[in-house]
Amino acid sequence: MGEADRSIAPVVLSGFGRVGQAYARRVAEAGREGSGLRLAAVRTGSAQWLAPSGADPAPPSPPFPGPPTDLGEILARTRAAVLVQALPSTPEACATATEEALTALRSGVHVVTAAKAHLLSGWRALEDAARAGDALIRLSAATGAALPAGDLARSGVRGLGCRSVRACPNGTSTFVLDRMARGGTLAGALVEARRLGIAEGDPSADLSGRDAATKVVLLAALLWGWDAAAVRWRTEPIEESTAEAARAAAARGLRLRAVASATADLPHEVRVRLEETPAGDPMHGLDGPEKAVVYGCPEAGDITVSGGRSSPAGAALALFKDTLSVAEPRGYGFG
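Residues numbered from 1 in each chain as written. Predicted model: local features only at pLDDT ≥ 70, side-chain atom pairs only at ≥ 80, totals over all residues. Heavy atoms only, no water.

On to the sheet that holds strand S5 (residues 110–113), then. An order of S3-S2-S1-S4-S5-S6 is seen for the six strands of this open sheet, with the pairing classed as mixed. The outermost strands of the open sheet, each flanked by one partner alone, are strand S3 (48–50) and strand S6 (137–138). (Pairing = 2+ DSSP bridges. Helix = DSSP H or I, 4+ residues; strand = E, 2+ residues; numbered from the N terminus.)

Here is the structure:
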């Protein structure tokens, strides 16, 4: 890079679905505002886009030429500072996400990811690769989209003696339970959730509790150094018959919630249960697809973060926030 370009952090984006496209637009907008980020390349499973040299920052539009070339070559060619993974959390994408992340980290390229599966299966391997390459891993988009739950678990409650985490980190389940409490059906609630961009095409991970469990596994791994791959979980699913329990809770002024929890006193265990939550409980007050996480700190007092609705835009903003965090030069003073 030339002297004038040293403050620009090139970013390679893997995945170009709704989240990836929203992220690319945000980087382009911020680039015009002088954020210091530049989208240097986009990769999908079958194609690849490279930013023209010297072009104004603008989000690319598919279709891209293909096929994608070797990731290590692209990282070196673009002098990438960050690899951003906007990949789905599916078994099929897990191997790709793992290989990409390990390649980047070992090369000293920071990794920002929205995918979860490879974090669960390869937590220690990714940690070792990051240490070897002196690189960082950030996963806000994998632990709660726009909700900064991961930041709190990683550093915000450090030193405060956090002993438990209790969360409603899945916006789809909260949205569905509220609709069912008001007399709707599971099928109807899912149709509306998909229309609003809250639910994925396949909501099985949301309804089974797997998504909520995964997010709390990752938070617990950040909090207490657990190996995410070694964590066991038990879940209670949301089914059509759950509507009766949701309506019964509502009749008593309660709200049924899919609550995931873990405690430092029971290492490597996470549980997701359908709980009747009373007024005053942070989980009770959630609106539609909002999320909440409570960090139980006996001496400091409970610390709660809530909000951050589920949406591709929210996940993209979380990726963008994490990208800025790892790409910006370390400052001084209050910076």
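Structure's up, so let's keep going.
Here we take up the packing of helix H1 (residues 18–32) against helix H12 (residues 312–327). Packing of H1 against H12 leaves a shortest axis separation of 8 Å and a crossing angle of 50°. Classified by the interaxial angle, the pair formed by H1 and H12 is oblique. Between H1 and H12 lies a crossing whose hand is right-handed. Packed against H1, whose contacting residues are Arg18, Val19, Ala22, Tyr23, Arg26, Val27 and Ala30, the element H12 presents Pro312, Ala315, Ala316, Leu317, Leu319, Phe320 and Thr323 at the interface. For the contact of H1 with H12, a count of residues per class yields eleven nonpolar, one polar and two charged. (Axes fitted to C-alpha atoms, helices over the stretch in contact; angles between N-to-C directions. Parallel < 35°, antiparallel > 145°, perpendicular 65-115°, else oblique. Left-handed = near helix turned anticlockwise from the far one by under 90°. Contact = heavy atoms within 4.5 Å. Nonpolar A, V, L, I, M, F, W, Y, C, P; charged D, E, K, R; others polar.)

Turning our eyes to something else, we now look at the pairing of strand S1 (residues 9–14). Burial analysis of S1 places six of its six residues in the buried class, the great majority of the element. Where burial is concerned, the two faces of S1 agree: the one with Ala9, Val11 and Leu13 and the one with Pro10, Val12 and Ser14 are both buried. Looking at chain direction, S1 and strand S2 (residues 37–43) are connected through six bridges and run parallel. In the strand pairing of S2, Ser14 is matched with Arg43. Crossover handedness for the path S1 to H1 to S2: right-handed. The pairing of S1 with strand S4 (residues 82–85) spans four bridges and is parallel. Bridge assignment links Val12 to a residue of S4, and that residue is Leu83. (Buried < 20%, exposed > 50% of the residue type's maximum accessible area, 1.4 Å probe, protein only. Right-handed = clockwise from strand over helix to strand, strands pointing away.)

Across all of its chains, the model carries zero disulfides by this definition. The thiol of Cys162 is not disulfide-bonded; the next cysteine sulfur, from Cys297, is found 4.4 Å away. Cys162 supplies the cysteine sulfur nearest to Cys168, a cysteine that is in no disulfide, at a spacing of 16 Å. Cys168 gets classed as buried once you look at its relative accessible area, which sits at 1%. (Disulfide = S-S within 2.5 Å.)

Take the UniProt feature "domain: Homoserine dehydrogenase catalytic" (unreviewed entry) in the protein next. Within the UniProt annotation, "domain: Homoserine dehydrogenase catalytic" (unreviewed entry) is assigned to residues 154–324. When the span residues 154–324 is considered, its composition is 39% helix and 22% strand, and the gap between its end C-alpha atoms is 16 Å. (UniProt positions renumbered as here; feature names shortened; annotations may be inferred.)

A word on the side chain of Gln48. Structurally, Gln48 can be placed in strand S3. Looking at Gln48, its side chain comes within polar contact range of the side chain of Arg43, at 3.0 Å. When near neighbours in sequence (up to four residues on either side) are disregarded, Gln48 contacts Val42, Arg43, Phe64, Pro65, Gly66, Pro67, Pro68, Thr69 and Ile74. (Polar contact = N/O pair within 3.5 Å; in protein donor to acceptor, adjacent residues only side chain to side chain.)

With that settled, consider the sheet that holds strand S10 (residues 269–277). Pairing is mixed across the open sheet formed by six strands, whose spatial order is S8-S10-S9-S7-S11-S12. Edge strands, defined here as strands with exactly one partner in the open sheet, are strand S8 (232–235) and strand S12 (303–307). Put simply, the sheet's adjacent strands are angled 20° from each other on average, direction ignored. Summarising the sheet, S8 and S10 pair through four bridges and their orientation is parallel. Across the sheet, the residue bridging to Arg234 is Arg271, located in S10. Helix H6 (residues 149–156) contacts strand S11 (291–296) and S12 of the sheet and is inclined by roughly 15° relative to S11.

All told, the structure shown has two aromatic pairs when counted by the stated rule. When the centroid spacing of 5.2 Å and the interplanar angle of 45° are considered together, the rings of Trp224 and Trp226 count as tilted. Assessed through its relative accessible area of 5%, Trp226 is described here as buried. Lying across the ring of Phe320, Arg26 places its NZ or CZ 4.7 Å from the centre. (Phe/Tyr/Trp six-rings, centres within 6.5 Å; stacked < 30°, edge-to-face > 60°. Lys NZ or Arg CZ within 6 Å of the ring centre and 35° of its normal.)

Before going further, it helps to examine the UniProt feature "active site" (unreviewed entry) in the protein. The sites that carry the UniProt feature "active site" (unreviewed entry) are, in the present numbering, Lys215. Note on placement: Lys215 falls in helix H10 (residues 210–224). For Lys215, a relative accessible area of 8% corresponds to the buried category.

With that settled, consider the nonpolar core. What tends to happen in soluble globular proteins is that the nonpolar side chains get buried as a cluster. Formed by 63 residues in total, the largest nonpolar core has its most connected members in Val12, Val165, Ile238, Val293 and Tyr295. The greatest single-element share of this core, amounting to nine residues, is contributed by H10. If sequence neighbours within four positions are ignored, Val165 has contacts with Val216, Leu219, Leu223, Trp224, Ala260, Ser261, Ala262, Val293, Val294 and Tyr295. Val11, Ala86, Val112 and Ala141 belong to the second largest nonpolar core, which has 28 residues in total. (Core = buried A, V, L, I, M, F, W, Y, C linked by side-chain atoms within 4.5 Å.)

By the bridge criterion, four bridges tie strand S7 (residues 164–168) to strand S9 (residues 255–263) in an arrangement that is antiparallel. Bridge pairing in S9 links Ala167 to Ala260. Relative to S11, S7 runs antiparallel, the two being bridged by five bridges. Each bridged residue has a counterpart across the sheet, and for Arg166 the counterpart in S11 is Val294.

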